Amino acid sequence: MHTQAQKIAVVVASGLCSAALFTWLHRLSRPRETLGVDNTEAVEALLRAHARPPKRDLAPEAEPWPPPLVREPLPREVAAKFYPAIDRPGYRFDPVRHVLREPNFRTRRPFDPHPDGGWLIQTNSLGLREDEDPPAEAADLCLLVLGDSQTEGVCANGESFPNRLEALLSSRRANESIDVWNCGIGGTGPFHYLATLEGLFGLAPDVVIAMFYGGNDFLNTVALERYFNHRDPPNKPDPFLDEVEDKDLFSEALGFAELGQLAFFRRNYKDQRIAVGACASVALELERQCSERGVRFLCAYLPPPLIAQPEVFAEERSRVLAYIEPRGMNLNLSQRLADEWIALLATNGLTVLDLRPYFLAAKQRLFWEDEWHLDLAGNEFVAAILADALEKKAF
């Protein structure tokens, strides 16, 4: 059995790989005690071998901003370093989408807080968390929703916000057939959202929604951005989370959802700006690819729980702040990064649907206790916001 300190140390170390992807992916489909292997050293070695001079500075002020998007194909052996779940049951490598869930996969996920005590993790023939395959005849309105674990859902397929969005839109448009496909996969980040879209344009979407998550998406760009730009590995995060021994202080899942990013960027300050720029470049490329195909694009921002609902989580925030502030950590870092990212996109003509005001106004808890992902009410809540936004934009 891993101690709480060991668990959270892996969370922080995994930020060097591609944030908390491999541990969350493995943990979601296995018992809570099962953690992924910390492959930080393998990613460090890969980045070091891939780096080449001259090493450009991190986001120099003189460069155009956001920077040009740089990518290259990921061979399987490279992709497996950034997405270790590729080698695990229930996942597979894809040359376009990088990593996806195994098509037609079935496994039971026990989860006591859920009304049914858990749910069936089920994928369709495309490896999406959907109960059905795309129909032979296209729907009147087809939407793709890109994202990470918050989008994929810590819930049954039909309870995720993409599927609740489909139900809401169908109720409002009774004379139309509507498909909303949940393309989210836990532990991934913005580069994966773009790769996923490129692999699923064959579904002929009318609308694409990209849900960026402020708790770790900025961190999730770091390793791949460094790989694509041939830069050395970053500094290792502060080991302050290693010291956590009180299991009542904060949960393992909160490290994945929000705190690991703080630890990483404290030691890699310049990477904050490069991460904001990379996230902006990905969002603008998503919009460009959608626009050239006549597909409407909606970019949305989901805040992490302690920022999203500070009053609801006042007790949890107090415990976390008491621990991290003396160690020079700023819980509001995600706020600043989000503000910079949204402003940068606005200057480039892309408006973001910012969910922060909606969550701040909500009085009920919208994240699972001790899990820190959207709960059933949270998924319904997000779906309603998206449905209203789509209706106002006449989508």
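See the structure printed just above.
Residue numbers here run from 1 along each chain, matching the order of that chain's written sequence. It should be noted that, the model being predicted, local features are given only for residues of pLDDT at least 70 and side-chain atom pairs only at 80 or more, the latter also being counted only at that level, while totals for whole chains, interfaces and linings use all residues. Here the side-chain values reflect all heavy atoms present in the structure, with hydrogen atoms and water set aside.

J.: Run through the nonpolar core, naming residues and quoting values.
T.: Side chains of a nonpolar character, in soluble globular proteins, are inclined to be buried together. If you look at the biggest cluster of nonpolar residues, it comprises 106 residues, and the most contacted ones within it are F82, L143, L165 and W341. The helix count covers DSSP runs of H or I at least four residues long, the strand count covers runs of E at least two residues long, and both are numbered beginning at the N terminus. The biggest single contributor to this core is helix α11 (residues 270-292), with nine residues. Should any heavy atoms of two residues lie within 4.5 Å, those residues are considered in contact. Excluding residues within four positions of it along the chain, L165 makes contact with L143, V180, I209, A383, L386, A387 and L390. By nonpolar core is meant a set of buried Ala, Val, Leu, Ile, Met, Phe, Trp, Tyr and Cys residues that side-chain atoms within 4.5 Å join together. Burial status follows relative accessibility: with a 1.4 Å probe on protein chains alone, a residue under 20% of its type maximum counts as buried, one over 50% as exposed, and anything between as partly exposed.

J.: Now, about the packing of helix α7 (residues 190-200) against α11: what can you tell me, with residues and values included?
T.: Note on geometry: axes are C-alpha line fits, over the in-contact stretch for helices, and angles between N-to-C directions span 0 to 180 degrees. Close contact between α7 and α11 brings their axes to 9 Å; oriented N to C, the two are set at 15°. Classified by the angle their axes make, α7 and α11 are roughly parallel. The crossing of α7 and α11 is left-handed. Between α7 and α11, the residues in contact are P190, F191, Y193, L194, L197 and E198 and C279, V282, E285, L286, Q289 and C290, respectively. By the definition adopted for this analysis, an angle is roughly parallel if under 35 degrees, roughly antiparallel if over 145, roughly perpendicular if from 65 to 115, and oblique otherwise. Each helix crossing is assigned a hand: it is left-handed if the near helix lies turned anticlockwise from the far helix by less than a right angle, otherwise right-handed if that turn is clockwise.

J.: Go over the side chain of E316 with me, naming the residues and quoting the values.
T.: The residue E316 is located in helix α13 (residues 314-324) in this model. What makes E316 buried here is its relative accessible area of 16%. Discounting residues that sit within four places of it in the chain, E316 has contacts with L306, R365 and W372.

J.: So what about α7? Which residues, and what values?
T.: The buried count for α7 comes to nine of eleven residues, which makes it a mostly enclosed element. Buried residues of α7: P190, F191, H192, Y193, L194, A195, T196, L197 and L200, and no others. Where α7 is buried, its residues touch β2 (98-101), β5 (141-146), β7 (207-213), α8 (217-220), α9 (222-228) and α11.

J.: Account for the packing of aromatic side chains, with residues named and values stated.
T.: Aromatic contacts are taken between Phe, Tyr and Trp rings whose centres are within 6.5 Å, Trp giving its six-membered ring; a plane angle under 30 degrees counts as stacked, one over 60 as edge-to-face, and the others as tilted. Throughout the structure, instances matching the rule amount to 14 aromatic pairs. When the ring of Y193 is compared with that of F212, the centres are 5.6 Å apart and the planes differ by 80°; the resulting orientation is edge-to-face. Remark: F212 occurs in strand β7 and Y193 occurs in helix α7; sequence separation between them is 19 residues. Of the aromatic side chains, those joined through ring pairs into one cluster are Y193, F212, F218, Y301 and W341. Each ring is checked for a lysine NZ or an arginine CZ that lies within 6 Å of its centre and within 35 degrees of its normal; such an atom marks a charge sitting over the ring. One Lys or Arg, R293, reaches over the ring of F201 and ends 3.9 Å from the middle of that ring. A cation sits over an aromatic face here: R327 above Y323, 3.7 Å from the ring centre.

J.: So what about the packing of α11 against helix α14 (residues 333-347)? Which residues, and what values?
T.: Look at α11 against α14: their axes get within 9 Å of each other, and the N-to-C directions meet at 45°. The angle between α11 and α14 places the two elements in the oblique class. Regarding α11 and α14, the two cross each other, and that crossing is right-handed. Contact residues: α11 offers Q272, V276, G277, C279, A280, A283 and L284, while α14 offers L333, R336, L337, E340, W341, L344 and L345. Class assignment for the residues of the contact of α11 with α14 results in ten nonpolar, two polar and two charged. Side-chain classes follow a simple rule in which Ala, Val, Leu, Ile, Met, Phe, Trp, Tyr, Cys and Pro form the nonpolar group, Asp, Glu, Lys and Arg form the charged group, and the remainder, Gly included, forms the polar group.

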